[in-house]
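# Understanding the architecture of this molecule
So the chains spell out like this:
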Amino acid sequence: MTRELAVVVGVSGGIGRALAEALAARGTHARVWGLSRSRPHDWPEDEAHGWLPVDLLDEASLARAAARLAKDGVVTTVLVATGVLATEGAAPEKTYRALDAAALAVLFAVNATGPALVAKHLLPLTPRDRRSVFAALSARVGSIGDNRLGGWYAYRASKAALNMLMRTLAVEHRQTRPQGVLVVLHPGTVETALSRPFVSRASTRTVFRPAFAAAALLQVLDGLQPEDTGGFFAWDGQPVPW
Ligand SMILES: NC(=O)c1ccc[n+]([C@@H]2O[C@H](COP(=O)([O-])OP(=O)(O)OC[C@H]3O[C@@H](n4cnc5c(N)ncnc54)[C@H](OP(=O)(O)O)[C@@H]3O)[C@@H](O)[C@H]2O)c1
């Protein structure tokens, strides 16, 4: 049987790294490929791990990565764990007075267009004859139905756009891969570089460690069936309203 590969995009990030480690510990794939802009200094150098450079703002880097992966086997798991909350040096908008066209464009490019381009280049590498999983990390704040607090305009809107892109991809993907599962996930609030400035110590909100969130997300994916494709699920398996 062809070698089965897992690909995690964003392994330099908190949740991405934890997802890659959890997948590698399972030993269910011939190799876990990590993709990110820069190689994590402690990324393992062994047969079970691979690494490729990818910048979501450079589609050619995705095409190069896909060409390399195609030589290694079929891709049965793709987890996209990239994302930005705000542009560098800026905070998420608290008011419409802070709306900035350039910042909106960057967040849409990274959070919505980027994962869609990952799908464009990696979905063709998924098998037609067996189960595969493609999951992109979204966020509950990207839910339009759940938006009661307001604020965080660019992040919310870019995640809502991601959700629509993934839902549309799922509709098309199932035409050729009926056993495929393509979903968006909310990981909960997780202690990473992205969330750290916004999770106050005094907050009563539950904050997960990346390893906990990764284990929970993989468990959710394990339980999903092809009829769940196109869905939006939280770390505890509960559907999130669109
Ligand atoms: N942490 C939370 O509480 C939380 C809650 C809800 C949803 N999420 C979502 O979970 C996902 C992972 O977030 P995290 O908390 O693990 O954040 P993180 O530690 O900041 O990781 C973000 C990742 O995105 C990558 N990235 C950013 N721009 C990129 C680009 N142009 N090309 C390629 N990679 C790029 C980063 O790479 P570099 O290292 O190269 O910058 C990093 O690997 C995101 O989609 C986030 O929105 C997180």
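Each remark here, short or long, concerns the structure printed above.
So, here's what we can say about the structure. The model shown is predicted, which means the values in this text are computed figures rather than measured ones.

## Considering the site of the ligand
Of all residues adjacent to the ligand, which total 28 residues, the nearest are Ser 12, Arg 37, Thr 82, Tyr 155 and Thr 192. Residue Gly 14 places a main-chain N or O atom 2.8 Å away from an oxygen atom belonging to the ligand. The separation between an oxygen atom of the ligand and a polar main-chain atom of Leu 137 is 3.4 Å. Protein burial of the ligand: of its 890 Å² of free accessible surface, 88% is covered by the chains.

## Comments concerning helix H3 (residues 101-122)
Across its 22 residues, H3 extends 30 Å between first and last C-alpha, which sits within 8% of the 32 Å expected from 1.5 Å per residue. The largest bend in H3 comes to about 40 degrees, at Thr 113, with the proline Pro 115 one to four residues further on.

## Notes on the layout of surface pockets
Empty space among the atoms becomes visible once a probe the size of a water molecule is rolled across them. In this structure, the second largest pocket occupies an estimated 260 Å³ of space. Surrounding the second largest pocket, 13 residues form its lining, His 29, Thr 77, Arg 131, Val 133 and Asp 222 being those nearest its centre. Sorting the residues of the lining of the second largest pocket by element identifies helix H1 (14-26), strand S4 (74-80), strand S5 (132-137) and helix H5 (210-223) as the ones contributing at least two each. Counting residues per element, the lining of the second largest pocket draws most heavily on H5, which supplies three residues. Tallied by class, the residues present in the lining of the second largest pocket amount to four nonpolar, five polar and four charged.

## Regarding the pairing of strand S1 (residues 4-9)
Within S1, five of the six residues are buried, which leaves the element mostly enclosed by the surrounding structure. Where S1 and S4 come together, six bridges link them in parallel fashion. Looking at the pairing, Val 9 lines up with Val 80 of S4. As judged from the five bridges shared by S1 and strand S2 (residues 31-36), these two strands associate in the parallel manner. Its bridge partner lying in S2, Leu 5 is registered against Arg 31. Following the backbone out of S1, through H1 and into the adjacent parallel S2, one traces a crossover that is right-handed.

## Overview of the side chain of His 121
Along the chain, His 121 turns up in helix H3. Exposure remark for His 121: the relative accessible area of 17% places this residue in the buried category. With sequence-adjacent residues up to four places away left out, His 121 is seen in contact with Glu 59, Leu 62, Ala 63 and Ala 66.

Thresholds applied
Residues numbered from 1 in each chain as written. Predicted model: local features only at pLDDT ≥ 70, side-chain atom pairs only at ≥ 80, totals over all residues. Heavy atoms only, no water. Near = heavy atom within 4 Å. Polar contact = N/O pair within 3.5 Å; in protein donor to acceptor, adjacent residues only side chain to side chain. Areas by Shrake-Rupley, 256 points an atom, 1.4 Å probe, with all protein chains shown as cover. Helix = DSSP H or I, 4+ residues; strand = E, 2+ residues; numbered from the N terminus. Expected span 1.5 Å × (residues − 1). Bend = angle between axes of the 7 residues up to and from the residue. 1 Å grid on protein atoms, 1.4 Å probe; cavity = no way out; pocket = protein on both sides within 12 Å on 5 of 7 lines; lining within 4 Å. Points joined across faces, edges and corners; volume = space filled by probe spheres on them. Nonpolar A, V, L, I, M, F, W, Y, C, P; charged D, E, K, R; others polar. Buried < 20%, exposed > 50% of the residue type's maximum accessible area, 1.4 Å probe, protein only. Pairing = 2+ DSSP bridges. Right-handed = clockwise from strand over helix to strand, strands pointing away. Contact = heavy atoms within 4.5 Å.

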